[in-house]
Amino acid sequence: MAESERAASDADTADTADTADTADTAAPQTATPDPLVRWALASFHAAALLVAPLLGLYAVGALGSLLQGVRTEVGLGLYLALWGLTWWTNGRWLAATRLDGVREAVVPAAAWGAVTGVCFLLVLLLVVLLTLGEPAFVAILGIVGTPVSALVGASAGAGFAVLDLLIVTLGDRLGTGEPF
Amino acid sequence: MVPLSTAAHLFVRWLHVLAMAVALGGGVTAWAVSHTADAETTLAVATTYEVAFWGALGTLVMTGVGNLGALAPAIPRGRWGVAFVAKLGLLLVVLGGSAVRTATVRAARDATRPATTTLERGYALTTLALAVLVALAAVMAHG
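Owing to the predicted nature of the structure, the values given are computational and were not obtained by experimental measurement.

Analysis parameters
Residue positions are given per chain, counted from 1 along the sequence in the order it is written. Both sets of labels track the order of writing: A upward for chains, 1 upward for ligands. It should be noted that, the model being predicted, local features are given only for residues of pLDDT at least 70 and side-chain atom pairs only at 80 or more, the latter also being counted only at that level, while totals for whole chains, interfaces and linings use all residues. Hydrogens are left out, water is left out, and the side-chain values use all remaining heavy atoms of the structure. Comment: elements are numbered from the N terminus, with helices defined as DSSP H or I runs of at least four residues and strands as E runs of at least two. With a 1.4 Å probe rolled over the protein chains alone, any residue whose accessible area is under 20% of its type maximum counts as buried; one over 50% counts as exposed, and the rest are partly exposed. Where accessible areas are quoted, they stem from the Shrake-Rupley method and a 1.4 Å probe; at the residue level, only the protein chains shown are allowed to cover. Whether two residues touch is decided by their heavy atoms; if any such pair falls within 4.5 Å, the residues are in contact. Once two parts are joined, some of their accessible surface, as seen by a 1.4 Å probe, is lost; buried area is that loss totalled over both. One speaks of a salt bridge when a side-chain nitrogen belonging to Lys or Arg is within 4 Å of a carboxyl oxygen belonging to Asp or Glu. For the purposes of this section, nonpolar cores are sets of buried Ala, Val, Leu, Ile, Met, Phe, Trp, Tyr and Cys residues that join through side-chain atoms within 4.5 Å.

**Q** Provide a residue-level description of the overall build of chain A, including the pertinent values.
**A** Scanning chain A from terminus to terminus reveals six helices and zero strands. In chain A, the succession of α and β elements from N to C terminus is α-α-α-α-α-α. Expressed as a percentage of its 180 residues, the buried residues of chain A come to 36%. Accessible surface computed for chain A: about 9,700 Å², of which carbon and sulfur atoms make up 70%.

Printed below as a string of structure tokens:
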């Protein structure tokens with residue numbers, strides 16, 4: 001190969017590498033998350049979000065009175081709504097992160113956590129509206145509850161992102177047999 | 001919690017038991033396969049089990065609260081309460097540990113030399129923990 005051809009070939013290779021780097025950088029915005037990881041993390045989050053508060057409520061003696069006020073079918077429906085919401089938002093979060101840094105993972109997690117919180121509040125408001133039938137009361141609950149649910153959701157999302165980062169890192173080490 | 005009809009309550013309990021059967025039975029199967037089969041078969045069974053496991057665990061939590069609601073407002077304390085707290089505490093450990101196990105399966109699928117021995121230990125631990133949860137549930141149901 002002539003020197004000029006080799007130089008052109010090297011430049012092409014460098015361009016290809018640059019393009020690949022750019023694609024890698026942009027990939028998380030459009031990447032399809034691993035369905036198994038998405039399903040597992042969503043199920044884990046939804047279950048932990050219910051079980052941990054249950055323990056706390058039982059410890060302070062408030063569990064019985066809370067459950068007394070919730071119809072069984074409504075409780076099942078709310079859990080399915082939370083599960084579905086976390087599945088959706090986990091998918092969006094996993095598409096926006098590479099899971100290779102705390103800040104890079106936590107920022108989108110907080111944003112999608114806030115979305116989860118607000119969407120779940122809307123489901124709760126719908127249930128209250130159908131149960132009590134008082135639109136003014138529901139509207140006040142919505143106005144007051146939206147920033148609170150967004151803040152709680154963002155905090156939970158950020159916390160789960162740190163936990164998930166640890167889980168995925170540990171899983172990567174264990175699955176490939178890498179030393180710790 | 002306002003009681004459903006008897007049939008609906010039975011359905012919720014049946015779903016709870018079915019979900020545990022899937023989680024525990026699948027755990028035993030995944031453990032046995034990872035102990036005896038080659039890496040490819042182990043990972044195929046493990047991937048299928050992980051999907052079923054998370055569906056079963058979600059169903060267990062959802063229907064478990066439904067069963068708990070049948071006791072409201074007088075949720076027992078004392079010995080029953082100790083078993084209940086132990087059960088939920090262990091469940092949280094199982095949830096976190098299982099998330100690590102699923103992440104391990106995902107990494108092993110992409111590895112040139114998947115760590116199937118680690119998976120075998122993971123399924124053994126999962127099966128053991130689920131068996132303890134069943135024992136705690138029996139204590140809560142029958143004293």
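**Q** Tell me about the overall build of chain B, residues and numbers included.
**A** Of the regular secondary structure elements, chain B holds four helices and zero strands. In chain B, the order of α-helices and β-strands from amino to carboxyl end is α-α-α-α. In terms of overall dimensions, chain B has a C-alpha envelope of 55 × 30 × 20 Å along the principal axes. Relative to its full complement of 143 residues, chain B shows a buried share of 48%. Considering only residue pairs separated by 6 or more positions, chain B has 81% of its internal contacts joining residues 24 or more positions apart.

**Q** How would you summarise the interface of chain A and chain B if you had to cite specific residues and measurements?
**A** Counting residues at the interface gives 38 residues for chain A, matched by 49 residues for chain B. Interface area, chain A with chain B, both sides summed: about 3,700 Å², of which 79% is carbon and sulfur. Looking only at chain A, the three residues that lose the most surface to chain B are Leu36(A), Tyr58(A) and Thr72(A), adding up to 19% of its buried area. Inspection of the chain A/chain B interface yields two salt bridges.

**Q** How would you sum up the nonpolar core? Please name residues and give values.
**A** Membership of the largest hydrophobic core comes to 56 residues, with the highest contact counts inside it found for Phe44(A), Phe53(B), Phe84(B), Leu91(B) and Leu130(B). Listed by contribution, the elements that provide at least two residues to this core are α2 (35-59), α3 (63-68), α4 (72-95) and α6 (135-176) of chain A together with α1 (6-36), α2 (39-69), α3 (78-110) and α4 (116-142) of chain B. For Phe84(B), the residues in contact, after removing those within four places along its chain, are Tyr58(A), Leu63(A), Leu68(B) and Met140(B). Counting 12 residues, the second largest nonpolar core, distinct from the first, contains Ala105(A), Ala109(A), Ala161(A) and Leu165(A).

**Q** How would you explain the environment of Val37(A) if you had to name every residue and give the values?
**A** Mapping Val37(A) onto the fold places it in helix α2. The exposure class of Val37(A) is buried, given its relative accessible area of 8%. With 102 residues separating them along the chain, Val37(A) and Ala139(A) place their C-alpha atoms 37 Å apart. If near-sequence neighbours (up to four positions away) are discounted, Val37(A) is found in contact with Leu94(A) and Arg106(B).

Note that every value here comes from positions in space, so none of it alone points to a role or purpose.
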